[in-house]
Amino acid sequence: MEPINQFTGVVCPINRANIDTDQIIPKQFLKRIERQGFGQFVFYNWRFDDDGNKREDFILNDPKFADAEILVAGENFGCGSSREHAPWALLDYGFRIIIAPSYADIFYNNSVKNGILAVKLTDEEVKTLLGRASVPGFKLHINLEEQSVTDDSGFTAYFDIDPYWKKMLLNGWDEISVTLSAEERIRQFEEKVYGKQYS
Amino acid sequence: MMKKTVIEKIWENHVVSREEGKPDLLYIDLHLVHEVTSPQAFEGLRMNGRRVRRPDLTYATMDHNVPTINRHIVNDPISKTQMQTLEQNCREFGIELADIDHPDQGIVHVIGPQLGLTQPGKTIVCGDSHTSTHGAFGALAFGIGTSEVEHVLATQTIWQKQPKTLQIKVNGKLGFGVQSKDIILAIIAKFGVNAGTGYVMEFTGEAIRALSMEQRMTICNMSIEAGARAGLVSPDMTTVEYLRGRRYAPQGEEFEEAAKRWLALATDEGATYDKTLEIDAADIEPQMTWGTNPSMGSGISGFVPSPDEFDREADKESVRLALDYMGLEAGTRLTDISVDYVFIGSCTNSRLSDLRAAAEVARGRKVQDHVTAIVVPGSQTVKQQAEAEGLDKIFTEAGFQWRESGCSMCLAMNDDVVPPGKRCASTSNRNFEGRQGNGARTHLVSPSMAAAAAVMGRFTDVRELAGVNQ
Ligand code: SF4
């Protein structure tokens, strides 16, 4: 996982609440057995019509937003199926940061584990950003160490993040290695509960 | 002694490591695996030279994209690859697998309980959000993503922040013709899809105690649709009796010992929750959804609402988009909405009692000509039991198709797809855009309401059919 700290990128606003993982990556694309290559299918049903033609009115199809790396959206982002393909697809497409008022739990965890920073701001702040980001080329600066989001014309907001997740993201740590370094405790637990050693 | 909820008791029994500023490291007692969310996890193990720590606590099946007509004709080459990949992975890592030819094959959340793998007090995970189903047994069961699947395979543990507790109390008795699906749909309609965010829910109250295990599973299954991390019911004698004699449950003396431990897990009298919500069972009528998330629903006597009835701008906009997608006009009576497809199945409602309830309505009636109706049992075992009772005959004589077990039209990853613009009465758990097929319009209902929609060709209050021409 790539560490993340200070990040500046172009913002793409999608002003919808309850964007579910079926929208982020429709299920017909879940059948790959690799982690890469899902970006081309992100928001597929919004980007393409039934015949596979681009829908001109969807923002990601607007060339002015094509290189966006920060996604701003409405509340309860990532609800629905637990598929991790959703963060894989967002990451593979190029989004490193998501900003929304709230997230579905599983999606939030899945995102952090894949190195996406999912920022929670207030309704008001998100509304402001959705408005400002409708102007193409709008950029935000994220500073994870300081837990801040700023733009170039006076917007500043601070966000909360679990200190544990923050550390993982700042260091780009792989969680399994972290856990296996505490293996002694797992072994003790197994001895106590299962009366046996498994490693 | 401190009074505790079942949630806190299970949690504390599984903490491997607890440190300030970190989530807890929890031990996992049962890891269920299926073909869609596991390939990348096994790939990760292989790349890092890791093994599966507890194959004995891991159990796999294939359900999401298996065909339901001829089990051996998998038309989609990628589905086939996923199924073969799971077979190879299970062989390589020594995991027990109920594959397509296995008599135990079925939807992962149907077979876990059926085999007795699901037990009170266990921590259970699966790379599938409806893992909450197993909470019906007083287990702490939740869905995880593929990275977490890999983590559990490698370490048999998972990092979790201790959730807050939410009590959902269902008071009183259910009315005639109202099913457990209606309870959970009514809860979600009343409290919203965010009601449980950050919480684990415990369902309590007289109406919940009166439910069978299968009915409790339907409710816990959809607790995730109310935003909860997990949902559960304290174990009681109903739980114990369901598990007695099941293959993977303890047997004989050991069972009696286990039963005592299980019953002791129930929430202590006087324990407190972080939040409590209440609903009266007597107020619940048969439910149906009209929109594109499970909270967009109401009792069958209701009407499609207008966006103007909602206060918040975000809600108005969601409802506007939903009605547009669903092709519905505000003010339409729900019972005036016609159906094209009926799907009876999924981990929410594909167990024997669900099929019995639907068959009750289908018996001696005919599916309307313009309706395609399919019944997909949750597992091969359910299928056999239903056939032994003659339920398949009742369905086929009424014009329903009787299929092989799998997830099927719940998420339409196999060939069972609702075409664009078509309307489906479905016993599944999600009515999101495109869930049952691109452009498909899903209305969530109970099994008997689904059967009623099939034979009437439109949504119908099933209570009106009861007793008529039978
Ligand atoms: S039946 Fe539907 S909800 Fe249940 S596990 Fe299968 S796809 Fe998921």
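Residues numbered from 1 in each chain as written. Chains lettered and ligands numbered in written order. Predicted model: local features only at pLDDT ≥ 70, side-chain atom pairs only at ≥ 80, totals over all residues. Heavy atoms only, no water.

Looking at the overall build of chain A
For the record, the criterion: Numbering goes from the N terminus for both helices and strands, where a helix is a DSSP run of H or I of at least four residues and a strand is a run of E of at least two. Only protein chains enter the calculation, and the probe is 1.4 Å; a residue is then buried if its accessible area is under 20% of its type maximum, exposed if over 50%, and partly exposed in between. A contact between two residues is defined here by any heavy atoms of the two lying within 4.5 Å. For accessible areas, the Shrake-Rupley method is used with a probe of radius 1.4 Å. Any residue's cover is judged against the shown protein chains and nothing else. Think of it this way: Lys and Arg go in the positive column, Asp and Glu in the negative one, and His and the chain ends go nowhere. By convention, charge coordinates are those of NZ in Lys, CZ in Arg, CG in Asp, or CD in Glu.
Secondary structure summary: chain A contains eight helices and seven strands in total. The C-alpha extent of chain A, read off along each of the three principal axes, is 60 × 45 × 25 Å. Taken over 199 residues, chain A has a buried fraction of 58%. Summarising the internal contacts of chain A: among those between residues at least 6 apart in sequence, 64% fall at separations of at least 24. Element-wise, carbon and sulfur atoms account for 46% of the exposed surface of chain A, whose accessible area totals about 8200 Å². Between the centroid of the 22 positive side chains of chain A and the centroid of its 31 negative side chains there is a distance of 3 Å.

Considerations on the pattern of salt bridges
Short version of the rule: We count a salt bridge whenever a side-chain nitrogen from Lys or Arg sits within 4 Å of a carboxyl oxygen from Asp or Glu.
Under the defined criterion, the tally for this structure stands at 39 salt bridges over all chains. We note a salt bridge from D104(B) to R247(B), for which the minimum N-O separation is 2.9 Å. With a gap of 143 residues between them, D104(B) in the loop between strand 5 (96-98) and helix 4 (108-115) and R247(B) in the loop between helix 9 (237-243) and helix 10 (252-264) connect regions that are remote in the sequence. Beyond isolated ion pairs, a larger network of salt bridges with shared partners links E183(A), E184(A), R187(A), E190(A) and R53(B).

Digging into the site of the ligand
Residues and elements named next belong to chain B. This is how the line gets drawn: Throughout, near means a residue has at least one heavy atom within 4 Å of the molecule or strand. The nonpolar class holds Ala, Val, Leu, Ile, Met, Phe, Trp, Tyr, Cys and Pro. Asp, Glu, Lys and Arg form the charged class, and all remaining residues, Gly among them, are polar. These domain limits were set by an automatic method or by a database of domain assignments.
By nearness alone, every residue bordering the ligand is listed as H64, I107, H109, D128, H130, S346, C347, C407, C410, L411, N429 and R435. Grouping the amino acids of the shell around the ligand by side-chain chemistry returns five nonpolar, five polar and two charged. When residues are assigned to domains, the shell around the ligand turns out to be shared by domain 1 (1-285) and domain 2 (287-464), each giving three or more.

Remarks on unusual backbone geometry
Residues and elements named next belong to chain B. Unusually for a residue other than glycine, S408 sits at a positive phi of about 55 degrees. Within the chain, A412 stands out as a residue other than glycine whose phi angle is a positive 55 degrees. Summarising the element assignment, A412 is placed in the loop between strand 17 (401-402) and strand 18 (423-426). By relative accessible area, which is 10% here, A412 ends up buried.

Examining the interface of chain A and chain B
Accessible area lost during the coming together of the parts is what is often quoted as the interface size. Rules: As used here, buried area is the combined drop in accessible area, with a 1.4 Å probe, of two parts when they are placed together.
In this complex, chain A contributes 52 residues to the contact, which on the side of chain B involves 70 residues. Note on chain A versus chain B: buried area summed over both sides is about 5000 Å², and carbon and sulfur give 50% of it. The largest contributions to the chain A side of the interface with chain B come from K27(A), K31(A) and I33(A), which together make up 15% of the buried area. Applying the counting criterion to the chain A and chain B interface returns 10 salt bridges. Where R312(B) meets E75(A), a salt bridge forms, and the shortest distance between an N and an O atom there is 3.0 Å.

A short note on the domain arrangement of chain B
Residues and elements named next belong to chain B. Assigned domains within chain B: domain 1 (1-285) and domain 2 (287-464). Using only C-alpha atoms to locate each centre, domain 1 and domain 2 end up separated by 24 Å. Where domain 1 abuts domain 2, roughly 3700 Å² becomes buried across the two surfaces, and 53% of that area is made up of carbon and sulfur atoms. For the pair domain 1 and domain 2, the interface holds two salt bridges. Its salt-bridge partner being E225, residue R430 comes within 2.9 Å of it at the nearest N-O pair. Only helix 3 (77-93), helix 4, helix 6 (180-191) and helix 8 (213-221) provide two or more residues apiece to the side of domain 1 that touches domain 2. Sorting elements by how many residues they give to the side of domain 1 that touches domain 2 places helix 6 first, with six residues. Tallied by class, residues from the side of domain 1 that touches domain 2 come to 18 nonpolar, 19 polar and eight charged.

Some points on the UniProt feature "domain: Aconitase A/isopropylmalate dehydratase small subunit swivel" (unreviewed entry) in chain A
Quick note on the threshold: UniProt positions are given in the numbering used here, feature names are shortened, and annotations may be inferred rather than shown by experiment.
In this numbering, the UniProt entry assigns the feature "domain: Aconitase A/isopropylmalate dehydratase small subunit swivel" (unreviewed entry) to residues 1-123 of chain A. Summarising residues 1-123 of chain A: 22% helix, 17% strand, and an end-to-end C-alpha distance of 30 Å.

Focus on the sheet that holds strand 3 (residues 97-100) of chain A
Residues and elements named next belong to chain A. Using the following cut-off: If DSSP finds at least two bridges between two strands, the strands pair. Note on geometry: axes are lines fitted to C-alpha atoms, helical ones only across the stretch in contact, with angles between N-to-C directions running from 0 to 180 degrees.
An order of 4-3-2-1-5-6-7 is seen for the seven strands of this open sheet, with the pairing classed as mixed. Two strands close off the open sheet at either side, each with one partner strand: strand 4 (117-120) and strand 7 (156-158). Averaged over all adjacent pairs, the angle separating strand axes in this sheet is 25 degrees, with direction ignored. Where strand 5 (residues 139-143) lies against strand 6 (residues 148-150), three bridges are found, and the strand directions are antiparallel. Considered in strand 6, the bridge of H141 is made with T150.

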